[in-house]
Amino acid sequence: MGYRVEYQQVKKARGGEKRTSRLAALTVLCLFLFLLLVNGFWPRGAEALRDLLLPGDAAVTVAALEDLALELRTGEELSSALENFCRKVVSEAELGSD
């Protein structure tokens, strides 16, 4: 007496991409809320964050950020554009500290 096992087709679980994008959005939202609260209620913390995010002369960092955006718009690789950005900021910080 023979028998045959028939399996039903396995459906792939969907929604993995949705969870990842929700996590990223929630992370960005929490970071934005944190920065907003620090800026509004903790002046010394806001100054520390400003020094961390914009090291050295703020004008130099802003100019380097504009160059970074321009490089990314022209199709430069992210790693190369970030490397150039960091080099500009660090070199200006070293020149300013001499």
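Structure's up top.
In this text the structure is predicted, and so the values were computed from the model without any measurement.

Applying the stated rule across the entire model yields 3 salt bridges. As a salt-bridge pair, Arg4 and Glu6 come within 2.8 Å of each other at their nearest N and O atoms. Across this residue pair, the class does not change: Arg4 and Glu6 are exposed. With a closest N to O distance of 2.5 Å, Arg87 and Glu83 form a salt bridge. Placement of both Arg87 and Glu83 in helix H4 (residues 78-97) is noted, with a separation of 4 residues, approximately one turn of the helix.

The rules behind each value
- Residues numbered from 1 in each chain as written.
- Predicted model: local features only at pLDDT ≥ 70, side-chain atom pairs only at ≥ 80, totals over all residues.
- Heavy atoms only, no water.
- Salt bridge = Lys/Arg side-chain N within 4 Å of Asp/Glu carboxyl O.
- Buried < 20%, exposed > 50% of the residue type's maximum accessible area, 1.4 Å probe, protein only.
- Helix = DSSP H or I, 4+ residues; strand = E, 2+ residues; numbered from the N terminus.

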